[in-house]
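One letter stands for each residue in the lines below.
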Amino acid sequence: MTAAPARSRLHIIHVDLDAFFAAVEQRDHPELRGKPVIVGGDPHSRGVVSTCSYEARKFGVHSAMPLRTALQLCPQGIFVPVDGRKYQRVSRDVMAVLKRFTPTVEQVSIDEAFLDVAGSEALFGDAREIGRRIKVEVVEVTGLTVSVGVATTKLVAKVASDLRKPDGLVIVEPGEEAAFLAPLEIRRLWGIGPKTAERLHGLGIRTVGELAALPISALTRELGDHGGTLHDRALGVDADPVTGGGDPAKSVSHETTFAVDVSDPAEIDRTLLALTEGVTARLRSAGIRAGTVAVKVRDSQFRTVTRQRTLSEPSDLTEQIWRVAVELARPEIRGKKIRLLGVSATQLGAPEQISMFEVADQKQRRVVEATDAVRRKFGDRAVTRASLLDRPLPAPFERDPNSAVEGRVGLPKLDDD
Ligand SMILES: [Mg+2]
């Protein structure tokens, strides 16, 4: 028997606080312990449930549900307001515990992080041991429980941490990834939302094992390139590294080479919009936003320029990012024939958690999410382009002198428990 390759060593840990906001309230208010606590505010308001305790989940209450619905399902629920500042403080304490074990901690939301402990064994023991110690030390420091997954990849560690909530510890040994995932519902994998699940159900696919057994050709026929990625994920294959939070060396980019070089500004604008739509759809499906937008322009003489700008506020919205892309590209296009255009989003990160509690842009977000659903169903070119092209261009943003960087994106969507 040969040794497993180094990269399949057990070294990734996913840590997820259990019912975080509700757990903090129960910790700070002993009279709430053992009770159905619903964090979100006045149940007669138009808000949604931010988090609820496990006691409330038994009534069918869950995150993102309208508070009024939660009240109907669970009239005895104890509704408490969101104290974002307090949760941020506790989150920092938890992250500080995690950083005792390795500097490579990638926080993906207020209550969730990946660790790469490959270099930490000499000090703290192997990944299994570190997983156990994290659980003990988080309780000691914060009084809160976490669920922990230990695996060879981020994908499998994340699925593992979610499997035995609350207070779980699930270790998936190297080589066991595919067998571990096989019996689980396909929805447990990253990148399988309701629409994709529906299409896979149409093919008779319900479990990850069934997905893994499907020929890649059948998957790509149904889902395009995404099908190949899903096949890898079904086997637990995921090369995404754990990075420190806010790592700038990551981007999502789309580019295209014209069949015939182009100089028509309207066609340039339309192409930038199509590229931007591709980029922002990927940002949204990964649950992340871009702090910086860059464009790449190559002319008929093969001269390539890259221009980028930092947004006043991170975004995953097509219109905002496209407008910046047009502004950046226009001066580089004038009087030239253009061979290639690219749009990329960098400085990626999870949305500031506090904005989870804001409702200001929720309407726009619902429109965008509906658009994403249409795009998944009918393809990229079906939506909204004409209406965007009719509108005036944007006010200027601040300019960032740094050049763009390429990388890949692999962050999971935010978890609600
Ligand atoms: Mg959680």
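Each value, and the rule that gives it
- Residues numbered from 1 in each chain as written.
- Predicted model: local features only at pLDDT ≥ 70, side-chain atom pairs only at ≥ 80, totals over all residues.
- Core = buried A, V, L, I, M, F, W, Y, C linked by C-beta atoms within 7 Å.
- Buried ≥ 20, exposed ≤ 12 C-beta atoms within 10 Å, placed from the backbone.
- Domains from an automatic or database assignment.
- Contact = placed C-beta atoms within 7 Å.
- Pairing = 2+ DSSP bridges.
- Helix = DSSP H or I, 4+ residues; strand = E, 2+ residues; numbered from the N terminus.
- Axes fitted to C-alpha atoms, helices over the stretch in contact; angles between N-to-C directions.
- Parallel < 35°, antiparallel > 145°, perpendicular 65-115°, else oblique.
- Left-handed = near helix turned anticlockwise from the far one by under 90°.
- Nonpolar A, V, L, I, M, F, W, Y, C, P; charged D, E, K, R; others polar.

*Asks:* So, the nonpolar core: which residues are in play, and what are the values?
*Replies:* Formed by 67 residues in total, the largest nonpolar core has its most connected members in Ile-13, Ile-38, Cys-52, Leu-98, Leu-115 and Ile-134. Counting residues domain by domain, this core receives three or more from each of domain 1 (1–172) and domain 2 (179–234). If near-sequence neighbours (up to four positions away) are discounted, Leu-98 is found in contact with Val-15, Val-105, Ala-113, Leu-115 and Ile-134.

*Asks:* Before we move on, can you summarise the sheet that holds strand β10 (residues 289–299) with the specific residues and values?
*Replies:* Strand order in the open sheet formed by four strands is β9-β12-β10-β11, and the pairing between neighbours is antiparallel. Edge positions in the sheet fall to β9 (251–262) and β11 (304–315), since each has one partner strand and no second. Adjacent strand axes in the sheet meet at a mean angle of 15 degrees when their direction is disregarded. The pairing of β10 with β11 spans eight bridges and is classified as antiparallel. Considered in β11, the bridge of Thr-292 is made with Thr-310. Against the sheet, helix α14 (residues 318–333) contacts β10, β11 and β12 (338–349), and its axis sits at roughly 30 degrees relative to β10.

*Asks:* Tell me about the packing of helix α11 (residues 216–223) against helix α12 (residues 225–234), residues and numbers included.
*Replies:* Packed helices, taken two at a time, are described by the angle between their axes plus the distance between the axes. It is at 6 Å that the axes of α11 and α12 come closest, and there the two elements cross at 135 degrees. Compared by their axis directions, α11 and α12 come out oblique. The handedness of the crossing between α11 and α12 is right-handed. Taken together, the residues of α12 that come into contact with α11 (itself represented by Ile-216, Leu-219, Thr-220, Glu-222 and Leu-223) are Asp-225, His-226, Gly-227, Gly-228, Leu-230 and His-231.

*Asks:* Mind laying out the packing of helix α4 (residues 84–98) against helix α6 (residues 127–142), listing which residues take part and the relevant values?
*Replies:* Contact geometry for α4 and α6: axes closest at 10 Å, N-to-C directions at 140 degrees. As for how α4 packs across α6, the hand of that crossing is right-handed. In contact with Val-90, Asp-93, Val-94, Val-97 and Leu-98 of α4, α6 contributes Ile-134, Glu-137, Val-138, Val-141 and Thr-142. Counted by class, the contact of α4 with α6 contains seven nonpolar, one polar and two charged residues.

*Asks:* How would you summarise the environment of Ile-38 if you had to cite specific residues and measurements?
*Replies:* Tracing the sequence through the fold places Ile-38 in strand β2 (residues 37–39). For Ile-38 and Ile-78, which are 40 residues apart along the polypeptide, the C-alpha to C-alpha distance reads 5.9 Å. With sequence-adjacent residues up to four places away left out, Ile-38 is seen in contact with Val-49, Cys-52, Ala-56, Val-61, Ala-70, Gly-77, Ile-78 and Phe-79.

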